[in-house]
Amino acid sequence: MSSGALSIERFNLEPGRRLGAKYILGPMLGYGWEGEVYHVTEIATGIERAAKLFFPQRNPANRAVRFYATKLDKLRDCPILIQYHTQDTFVYRGTKITFLVSEYVQGELLPALIARQPGKCLQSFEGLHLLHPIAAGLEQIHRRGEYHGDLHLENVMVRRKGLGFDVKLVDMYHWGRRTREHIEDDVCSAIRLFYDAIGGAKRYASHRPEIKAICCGLKRSLIVKKFRTAGHLRRHLETMDWD
């Protein structure tokens, strides 16, 4: 980005305005380092979508947009990821802003769900039902030669379904080719997410040994020795014994 290009930290767009030629803006769904995500409605069809609006300084020459579009297309058969549809532009303060349009997922970000629970955390058994689809989803991503790279509570969209959760991962880190360290990072991040969701340090001492055996005290060396891949973690959850 040139030194004269517009730098934006927040759009804070009001619902009801047009976004480009095809969409009507709804409420903001999320906010991050790269931009903001909004609920939008396709004018011609009434179909609900989600639109990620990139801050121009985070998307020089549309590199971030190209990354997300190509990566999500490559991983389009991974159901844990939101499906990409198209890209478009709108003008903001005289600057053309690119946005990506994807499927609109029913649910809420994980911190909002956790905040409504007694004690503001999930019970450990609920946490296991959350961790399992995340481990299975990461396993699929890794098998296709990719990684997530930015897994934390705020990047997980959830909806309760029966005993478990429908889970979607949002955002992905996009610098560099996948390495063994990236795989280990994803696994460790999934376990850290589980640890945080079930109460973090405040409740850790009270958890059963089976739960602590997964968290490994959050010691990376112990986690990667026990769960070398997301597949190892998934299989452990499916076959774990309870005393």
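One structure accompanies this document, and this report is about it. (Residues numbered from 1 in each chain as written. Predicted model: local features only at pLDDT ≥ 70, side-chain atom pairs only at ≥ 80, totals over all residues. Heavy atoms only, no water.)

## Quick look at the overall build of the chain
When helices and strands are tallied, the chain shows eight helices and nine strands. Computed over C-alpha atoms, the radius of gyration of the chain comes to 19 Å, within 12% of the 18 Å expected from 2.2 N^0.38 for 243 residues, which places it in the range of a compact globule. Oriented by its inertia axes, the alpha-carbon framework of the chain measures out at about 65 × 40 × 30 Å. A buried classification covers 47% of the 243 residues belonging to the chain. Nonlocal contacts in the chain, meaning residues at least 24 apart in sequence, comprise 60% of its contacts between residues at least 6 apart. Total accessible area on the chain stands at roughly 12400 Å², and carbon and sulfur atoms take up 51% of it. For the chain, the centre of its 37 positive side-chain charges and the centre of its 27 negative side-chain charges are spaced 2 Å apart. (Helix = DSSP H or I, 4+ residues; strand = E, 2+ residues; numbered from the N terminus. Rg over C-alpha atoms; globule rule 2.2 N^0.38 Å. Buried < 20%, exposed > 50% of the residue type's maximum accessible area, 1.4 Å probe, protein only. Contact = heavy atoms within 4.5 Å. Areas by Shrake-Rupley, 256 points an atom, 1.4 Å probe, with all protein chains shown as cover. Lys, Arg positive; Asp, Glu negative; His and termini not counted. Charge placed at Lys NZ, Arg CZ, Asp CG, Glu CD.)

## Considerations on the packing of helix α3 (residues 124-143) against helix α4 (residues 180-197)
Running from N to C, α3 and α4 cross one another at 165°; their axes reach a closest spacing of 9 Å. What the angle tells us is that α3 and α4 run roughly antiparallel. Remark: the crossing between α3 and α4 carries right-handed chirality. Facing Ser 124, Gly 127, Leu 128, Leu 130, Leu 131, Ile 134, Leu 138 and His 142 of α3, the residues of α4 in contact are Ile 183, Asp 186, Ala 190, Leu 193, Phe 194 and Ala 197. A per-class count over the contact of α3 with α4 returns 10 nonpolar, three polar and one charged. (Axes fitted to C-alpha atoms, helices over the stretch in contact; angles between N-to-C directions. Parallel < 35°, antiparallel > 145°, perpendicular 65-115°, else oblique. Left-handed = near helix turned anticlockwise from the far one by under 90°. Nonpolar A, V, L, I, M, F, W, Y, C, P; charged D, E, K, R; others polar.)

## As for the nonpolar core
The tendency in soluble globular proteins is for nonpolar side chains to be buried as a group. With 51 residues, the main nonpolar core has Leu 81, Leu 130, Val 167 and Ile 214 as its most contacted residues. With eight residues, the single largest contributor to this core is α4. Excluding its chain neighbours within four sequence positions, the residues that come into contact with Ile 214 are Leu 128, Leu 131, Ile 191, Phe 194, Phe 227, Leu 233, His 236, Leu 237 and Met 240. By size, the runner-up hydrophobic cluster in this structure holds 17 residues, among which are Ile 8, Leu 13, Ala 51 and Ile 97. (Core = buried A, V, L, I, M, F, W, Y, C linked by side-chain atoms within 4.5 Å.)

Fair warning: the whole summary comes from geometry, so function is off the table for now.
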